[in-house]
Amino acid sequence: SAVISQKPSRDICQRGTSLTIQCQVDSQVTMMFWYRQQPGQSLTLIATANQGSEATYESGFVIDKFPISRPNLTFSTLTVSNMSPEDSSIYLCSVPSGDTEAFFGQGTRLTVV
Amino acid sequence: SQKIEQNSEALNIQEGKTATLTCNYTNYSPAYLQWYRQDPGRGPVFLLLIRENEKEKRKERLKVTFDTTLKQSLFHITASQPADSATYLCALDLSDSWGKLQFGAGTQVVVTP
């Protein structure tokens, strides 16, 4: 199993500012994933964070808006840049485990005012 | 693109009864399907994985079936308890990389004593 710690757990931010979310895993993992969960909706994959290479973004998400760092095999950050109220969501990081399941952090609840 | 549908209406059920949730998908042939539980303010927690060559999987009071012809999975909670109240998400692999998942919107289950 994997234990994932996300920081901050929640934040209220002014529009136009940026927030960096941290994800720390208690073991080394090759891939980490970042998801967004908008209010009342399901999870949508933002990008895959690979150690030692650029993140891979899903359709509709771009690096300028959601820059990702992956400095080592246990840590990643997601930045939400130039925020607008539409960015108000829960952001979650996830790591796969073997061939059975994915583990998720507790999420970061972001409110943009 | 693939589409995953889950009942959007909450399922209200009396304690001790069996809750049955449906997950339908289109335009896709997943290698496996997963079910997760999500409590308010928390990240999803893995429950069960069923592979394309498996018809049924059980874990304690949970049972999952997978019909690749119908493109449907059923999730059963038997002898339901108030503690089972949560939102249940089904997820399919995005196949190009382990751990990348596409989620349904989830079905909320409310178990009343």
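As shown above, the structure is provided for reference.
Residues numbered from 1 in each chain as written. Chains lettered and ligands numbered in written order. Predicted model: local features only at pLDDT ≥ 70, side-chain atom pairs only at ≥ 80, totals over all residues. Heavy atoms only, no water.

Asks: Explain the layout of surface pockets to me, please; I cannot follow it from the model alone.
Replies: In this approach, a probe sized like a water molecule rolls over the atoms, and the result shows the empty space that is left. Each pocket or cavity is described by its volume, and for the largest pocket that value is around 520 Å³. Residues of the lining of the largest pocket, tallied by class, amount to eight nonpolar, 16 polar and three charged. Considered as a void within the structure, the second largest pocket measures approximately 260 Å³ in volume. Taken together, 13 residues form the lining of the second largest pocket, with Leu43 and Thr44 of chain A together with Gln2, Gln102 and Phe103 of chain B sitting closest to its centre. Within the residue set of the lining of the second largest pocket, elements represented by two or more residues are strand S5 (43-50) of chain A together with strand S10 (101-103) of chain B. Per-class residue counts for the lining of the second largest pocket are six nonpolar, six polar and one charged. (1 Å grid on protein atoms, 1.4 Å probe; cavity = no way out; pocket = protein on both sides within 12 Å on 5 of 7 lines; lining within 4 Å. Points joined across faces, edges and corners; volume = space filled by probe spheres on them. Nonpolar A, V, L, I, M, F, W, Y, C, P; charged D, E, K, R; others polar. Helix = DSSP H or I, 4+ residues; strand = E, 2+ residues; numbered from the N terminus.)

Asks: What is the right way to read the interface of chain B and chain A from this model?
Replies: How big an interface is tends to be stated in terms of the accessible area lost upon association of its parts. Counting residues at the interface gives 20 residues for chain B, matched by 21 residues for chain A. Surface buried jointly by chain B and chain A totals about 1,600 Å² across both partners, of which 54% is contributed by carbon and sulfur atoms. Our count for the chain B to chain A interface comes out at one salt bridge. One salt bridge in this structure joins Lys100 of chain B and Glu58 of chain A, with 2.9 Å as the shortest N-O distance. Counting the contacts that link chain B with chain A gives five residue pairs in polar contact (both at pLDDT 80 or more). Contributing elements (two or more residues each) for the side of chain B that touches chain A: strand S4 (32-38), strand S5 (45-51) and S10 of chain B. A class-by-class count of the residues in the side of chain B that touches chain A yields ten nonpolar, seven polar and three charged. (Contact = heavy atoms within 4.5 Å. Buried area = accessible area lost by both parts, 1.4 Å probe. Salt bridge = Lys/Arg side-chain N within 4 Å of Asp/Glu carboxyl O. Polar contact = N/O pair within 3.5 Å; in protein donor to acceptor, adjacent residues only side chain to side chain.)

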